[in-house]
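Analysis of the macromolecular model
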Amino acid sequence: MSIASPKSEIQRLKVLWQYEILDTVPEEVFDELTELAAKICEAPIALISLIDENRQWFKSKVGISIQETSRDVSFCAHAIQQGESLFIVPDATKDKRFANNPLVTSPPKIRFYAGAPLITPDSHALGTLCIIDSQPRELRPDQKRALVILARHVMTQLELRRHACELVAARQIKAETAAELVKARAEIVRLKRQLARLKAKRNR
C-alpha cells in the first residue's frame, strides 16, 4: 500500500538533511534512550527511525540487526503524518494498511507498533522513537506518556548534536578565514618590498 508524503515534504527533508544525522555511527546517548523505551514499554524491539526520501534508517536499535528498510513498508512513514500524536497499531494483521506488509508477513513479523514522532522546533516530523512487538497488545497510559517524553529527549539530543556540529563548522570557517588573512597580509608585505626595490632601482 502506497504511503502519502507529509505536507511540506520538501521542506521536511531539507530540515532532516540539516541535522547531518543520516548514516552516522551509533551514539551512546541515543542508544540509552532506545533501551529505556524498550524496557519501559516491555517491548522486544525499539528504534530511533529517521525517514528520508526512500527509506527509514535506524540511528539506534534494540532487538533487530538490520540498519534500514524501504520507506514503502515503513510503519514510521505513517506515524510522521500524525503530527505530535502517538501512532499505535494494536494488531497489524487486522489493519488493512499493514496486513500484507512484508514486515508483518515475514520476520520480524510485526503485530504491535507504537511510534512517537520526533518533532523539530519548527514542527517537522523527522522520524519516530518506536517500539515493536510480535504479539498484539496495547500500551498502558504510563507507557504511552513515557514513550512521548523519551521521543522529546531524542529530539533534544538531535538539536544539541546539530548545534555542536554548527559550532565546529563555524570554528573551522573562522580558522580558515584567519589563515587566508595571514596569507593575504604576507602577500601584501611581499608586494610592498618588491615595490620598494623597484623604486630604489629607479632612483639610482
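To be clear, the structure that these remarks concern was listed above.
Nothing here was measured: the structure is a model prediction, and the numbers come from that model.

Focus on the overall build of the protein
Counting its regular elements, the protein contains five helices and six strands. Mapped from its N terminus to its C terminus, the protein presents α and β elements in the order α-α-β-β-β-α-β-α-β-β-α. Across the 204 residues in the protein, those meeting the buried criterion constitute 41%. Summing over all exposed atoms, the protein offers an accessible surface of approximately 12,000 Å²; the carbon and sulfur share of this is 55%.

Things to note about the pairing of strand β6 (residues 125-133)
Of all nine residues in β6, nine are buried; the element is thus mostly enclosed. By the bridge criterion, six bridges tie strand β1 (residues 45-51) to β6 in an arrangement that is antiparallel. In the strand pairing of β6, Ile48 is matched with Leu129. Counting the residues in the hairpin turn of strand β5 (residues 112-119) and β6 gives five residues, including Ser123, whose phi is positive at 70 degrees.

Considering the pattern of salt bridges
Evaluation of the coordinates by the stated rule reveals twelve salt bridges. Residue Asp95 pairs with Arg97 through a salt bridge whose shortest N-O separation is 2.8 Å. Its salt-bridge partner being Asp142, residue Arg140 comes within 3.0 Å of it at the nearest N-O pair. Judged by its relative accessible area of 38%, Arg140 falls in the partly exposed class.

So, the nonpolar core
The biggest cluster of nonpolar side chains holds 30 residues, and the ones touching the most others in it are Leu118, Leu129, Ile131, Leu147 and Leu158. Only α1 (9-18), α2 (28-40), β1, β5, β6 and α5 (141-202) provide two or more residues apiece to this core. Element by element, the count of residues in this core is highest for α5, at six residues. When sequence neighbours within four positions are dropped, the list of residues in contact with Leu129 reads Thr34, Ala37, Leu47, Ile48, Ala114, Gly115, Ala116, Leu118, Leu147, Leu150, Ala151 and Val154. Counting 21 residues, the second-largest nonpolar core is a separate cluster that includes Phe58, Ile80, Leu103 and Cys130.

Details of the state of the cysteines
The final tally for this structure, using the stated rule, is zero disulfides. Cysteine Cys76 is unpaired, with the sulfur of Cys130 as its nearest cysteine sulfur at 3.8 Å.

Section: the environment of Ile88
Topologically, Ile88 is positioned in strand β4 (residues 87-89). Accessibility expressed as a relative area gives 22% for Ile88, which makes it partly exposed. Along the primary structure Ile88 and Gly115 are separated by 27 residues, whereas in three dimensions their C-alpha atoms are 6.5 Å apart. For Ile88, the contacting residues outside a window of four places in its chain are Phe112, Tyr113, Ala114, Glu138 and Lys144.

Details of α1
Those residues of α1 lying buried are Glu9, Arg12, Leu13, Val15 and Leu16. Buried residues of α1, viewed axially, fall in a sector of 160 degrees; they line one side. Considering only its buried residues, α1 is in contact with β1 and β6. Positive phi shows up at Glu20, right after α1, with a value of about 50 degrees.

Quick look at the packing of aromatic side chains
Tallied over the full model, the rule gives four aromatic pairs. An angle of 10 degrees between the planes, with centres 4.0 Å apart, marks the rings of Phe75 and Phe98 as stacked. Remark: Phe98 occurs in the loop between β4 and α4 (102-105) and Phe75 occurs in the loop between β3 (68-70) and α3 (76-79); sequence separation between them is 23 residues. Here the two residues Phe75 and Phe98 agree in accessibility, since each one is buried. For the pair Phe87 and Phe98, a centre-to-centre distance of 6.4 Å together with 65 degrees between the ring planes defines the contact as edge-to-face.

Here's the deal with the pairing of β5
Burial analysis of β5 places seven of its eight residues in the buried class, the great majority of the element. Pairing between β4 and β5: three bridges, direction antiparallel. Bridging from a neighbouring strand, Ile88 pairs with Ala114 of β5. Two elements, β5 and β6, share eight bridges in a ladder whose sense is antiparallel. Bridging across to β6, Tyr113 finds its partner in Ile132.

About the thresholds
Counting restarts for each chain, with residues numbered from 1 along the sequence as it is written. Note on the predicted model: pLDDT of at least 70 is required for a residue's local features to be given, and 80 or more for side-chain atom pairs to be given and counted; whole-chain, interface and lining totals, by contrast, use all residues. To get the side-chain values, take all heavy atoms of the structure and skip hydrogens and water. A run of H or I in DSSP becomes a helix once it reaches four residues, and a run of E becomes a strand once it reaches two; helices and strands are each numbered from the N terminus. Three exposure classes are used, based on accessible area relative to the maximum for each residue type with a 1.4 Å probe and protein chains only: buried under 20%, partly exposed in between, and exposed over 50%. The Shrake-Rupley method, run with a 1.4 Å probe sphere, supplies the accessible areas, and residue values consider only the shown protein chains as cover. Following DSSP output, two strands are said to pair if at least two bridges run between them. Salt bridge, as used here, is a side-chain nitrogen of Lys or Arg placed within 4 Å of a carboxyl oxygen of Asp or Glu. In this description, a nonpolar core means a group of buried Ala, Val, Leu, Ile, Met, Phe, Trp, Tyr and Cys residues linked to one another through side-chain atoms lying within 4.5 Å. Should any heavy atoms of two residues lie within 4.5 Å, those residues are counted as being in contact. To count as a disulfide, a pair of cysteine sulfur atoms needs to be within 2.5 Å. In this context, the arc is that of the directions from the helix axis out to the C-beta atoms. A pair of aromatic rings is counted whenever rings of Phe, Tyr or Trp (Trp by its six-membered ring) have centres within 6.5 Å, and the orientation is called stacked for planes under 30 degrees apart, edge-to-face for over 60 and tilted otherwise.

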